[in-house]
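The residues making up each chain are set out below.
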Amino acid sequence: MIGLPRHHFDSIGSTNACARELAAQGAAPGTIVTSAEQTDGRGRQGRAWSTPAGKALAWSAIVSLDGEVPGLFPLRAGLAACDAVEELGGGPAEVKWPNDVMLDGRKCAGVLVEGRPQDGWAVVGVGINLTIEPEEFPPEIRDRATSVGSGATLDAATEALNAALARWLAAPDREVLATLERRDHLAGREVSWEGGTGTASGIAPDGSLIVTSPDGTTHHLHAGEVHLTPA
Ligand code: BTN
């Protein structure tokens, strides 16, 4: 069960940072931290994540984890975010490997997993843009970002994420992989990374992105190691 206890804030630096502190102090798995605003929201690869007051949800859950963070783990969170976005009325959502949730080709949610598997826990952070208007996004991401749309409330989004993450954490790998195949935003698209360019051709059982280079070579890209750019 995910969602109890719930620590809710009108404004906070980062729900992930708060959840990590709680977890380090021994908070139980299932505990969530939510906020209607973040002043120091964190994205992947050191980027900032904007959560403007009342127009987006910042949600972080403490989950128990033994050993290494499995490669499929963040993708399970991505599928949970897709389900939540659809339940809120956002329309068909896709996972853009490794951590973006896309609506109509634009990013509406992001996932940041931060773990201390050696201590038996991880924090799954999800930010969902609910009712941010196009002109309210920072200019540098305006043409790539979107919101779920009117009527999406913080509480409804919280409930949807609680249920969806519990479901996807318990799902067998084969169901995760089959659903990722259906929701794979990058499939068939050209991608570039530090080591080359190629066509994305699926997600492997270890969570890596499979890319086929023009010369036919197959590459497995691992989320922590590569930075994708549009080809
Ligand atoms: C990304 O797309 O780079 C990941 C964004 C993750 C943002 C969420 S909002 C809730 C949680 N708290 C944070 O500081 N970050 C995550």
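Given the structure is predicted, the values throughout are model-derived calculations rather than measurements.

What counts, and where the lines are drawn
Residues numbered from 1 in each chain as written. Predicted model: local features only at pLDDT ≥ 70, side-chain atom pairs only at ≥ 80, totals over all residues. Heavy atoms only, no water. Salt bridge = Lys/Arg side-chain N within 4 Å of Asp/Glu carboxyl O. Buried < 20%, exposed > 50% of the residue type's maximum accessible area, 1.4 Å probe, protein only. Near = heavy atom within 4 Å. Polar contact = N/O pair within 3.5 Å; in protein donor to acceptor, adjacent residues only side chain to side chain. Areas by Shrake-Rupley, 256 points an atom, 1.4 Å probe, with all protein chains shown as cover. Helix = DSSP H or I, 4+ residues; strand = E, 2+ residues; numbered from the N terminus. Disulfide = S-S within 2.5 Å. 1 Å grid on protein atoms, 1.4 Å probe; cavity = no way out; pocket = protein on both sides within 12 Å on 5 of 7 lines; lining within 4 Å. Points joined across faces, edges and corners; volume = space filled by probe spheres on them. Nonpolar A, V, L, I, M, F, W, Y, C, P; charged D, E, K, R; others polar. Pairing = 2+ DSSP bridges. Axes fitted to C-alpha atoms, helices over the stretch in contact; angles between N-to-C directions. Core = buried A, V, L, I, M, F, W, Y, C linked by side-chain atoms within 4.5 Å. Contact = heavy atoms within 4.5 Å.

Engineer: Mind showing me how you'd approach the pattern of salt bridges here?
Structural biologist: Once the charged atoms of two side chains with opposite charge are near each other, the side chains can pair. Throughout the structure, instances matching the rule amount to 11 salt bridges. Among the salt bridges present, the one from Lys107 reaches Asp100, with a minimum N-O distance of 2.7 Å. You'll find Lys107 and Asp100 in the same group, each marked buried. Three or more residues joined by partner-sharing salt bridges are found here, namely Asp83, Glu86, Arg167 and Arg183.

Engineer: Looking at this model, I keep getting lost on the site of the ligand. Mind explaining?
Structural biologist: Taken together, 21 residues surround the ligand, and among them Ser14, Gln38, Arg42, Arg44 and Lys107 come closest. The side chain of Gln38 places a nitrogen or oxygen atom 3.0 Å from a nitrogen atom of the ligand. For the ligand, the accessible surface in isolation is 410 Å², of which the surrounding protein chains cover 99%. Put simply, the parts of the chain that give the shell around the ligand at least two residues each are α1 (15–24), β3 (56–64), β6 (106–116) and β7 (121–129). Looking at the shell around the ligand, the element that brings in the most residues is β6, giving 4 residues.

Engineer: Could you clarify how one ought to interpret the state of the cysteines in this entry?
Structural biologist: Here a disulfide denotes a covalent bond joining the sulfur atom of one cysteine to the sulfur atom of another. Under the definition given, this model contains 0 disulfides. Of the cysteine sulfurs around Cys82, a residue in no disulfide, the closest is that of Cys108, at 7.7 Å.

Engineer: Explain the layout of surface pockets here, please?
Structural biologist: Summary: where empty space remains is shown by rolling a probe the size of a single water molecule over the atoms. Each pocket or cavity is described by its volume, and for the second largest pocket that value is around 370 Å³. Lining the second largest pocket are 18 residues, with Gly71, Pro74, Pro98, Ala223 and Gly224 sitting closest to its centre. The set of elements that each furnish at least two residues to the lining of the second largest pocket consists of α2 (73–87) and β6. The leading source of residues in the lining of the second largest pocket is β6, at 3 residues. Class assignment for the residues of the lining of the second largest pocket results in 10 nonpolar, 6 polar and 2 charged.

Engineer: I'm lost on the pairing of strand β11 (residues 218–221) in this one. Help?
Structural biologist: Within a regular strand, the side chains alternate between the two sheet faces. Of the strand pairs in this sheet, strand β10 (residues 209–212) and β11 are connected by 4 bridges, and their pairing is antiparallel. Of the residues in β11, the one forming a bridge with Val211 is His219.

Engineer: Sorry, what's going on with unusual backbone geometry here?
Structural biologist: A negative phi holds for most residues other than glycine; trans holds for most peptide bonds. Here the bond from Leu4 into Pro5 is cis, since omega is -10°, no more than 30 degrees from zero. Of note, the amide linkage connecting Trp97 to Pro98 takes the cis form, showing an omega dihedral of 0°. Looking at the element boundaries, Pro98 is found in the loop between β4 (93–96) and β5 (100–103). The phi angle at Gln45 is positive, at roughly 55°, despite the residue not being glycine. The backbone of Asp104 sits at a positive phi, close to 50°, despite the residue not being glycine. Tracing the chain through its elements places Asp104 in the loop between β5 and β6.

Engineer: Just checking my understanding: could you explain the sheet that holds β6 for this structure?
Structural biologist: In a beta sheet, neighbouring strands are held together by backbone hydrogen bonds and run either parallel or antiparallel to one another. The strand order across the open sheet formed by 7 strands is β1-β2-β3-β7-β6-β5-β4, and the pairing between neighbours is mixed. The open sheet terminates on both sides in strands that have one partner only, identified here as β1 (6–9) and β4. Neighbour-to-neighbour, the strand axes of this sheet turn through a mean angle of 20°, independent of strand direction. As judged from the 9 bridges shared by β3 and β7, these two strands associate in the antiparallel manner. For Trp59, the partnering residue across the bridge sits in β7 and is Val126.

Engineer: In this structure, what is going on with the nonpolar core? I would like to understand it.
Structural biologist: Side chains of nonpolar character tend, in soluble globular proteins, to be buried together. Judged by nonpolar contacts, the single largest core of 53 residues is most densely connected at Trp59, Ile128, Leu130 and Leu165. Residue contributions to this core peak at 9 residues, all from α2. Setting aside anything within four residues of it in sequence, one finds Ile128 in contact with Ala56, Leu57, Ala84, Val85, Cys108, Ala109, Val148 and Leu161. Among the nonpolar cores identified, the runner-up in size contains 9 residues, and Ala19, Val33, Trp121 and Val123 belong to it.

Engineer: It is not clear to me how the environment of Ala178 should be interpreted in this structure. Could you clarify?
Structural biologist: Structurally, the position occupied by Ala178 is in helix α4 (residues 173–183). Here Ala178 falls in the partly exposed class, since its relative accessible area comes to 45%. Taking the C-alpha atoms as reference, Ala178 lies 15 Å from Asp83; in sequence the two are 95 residues apart.

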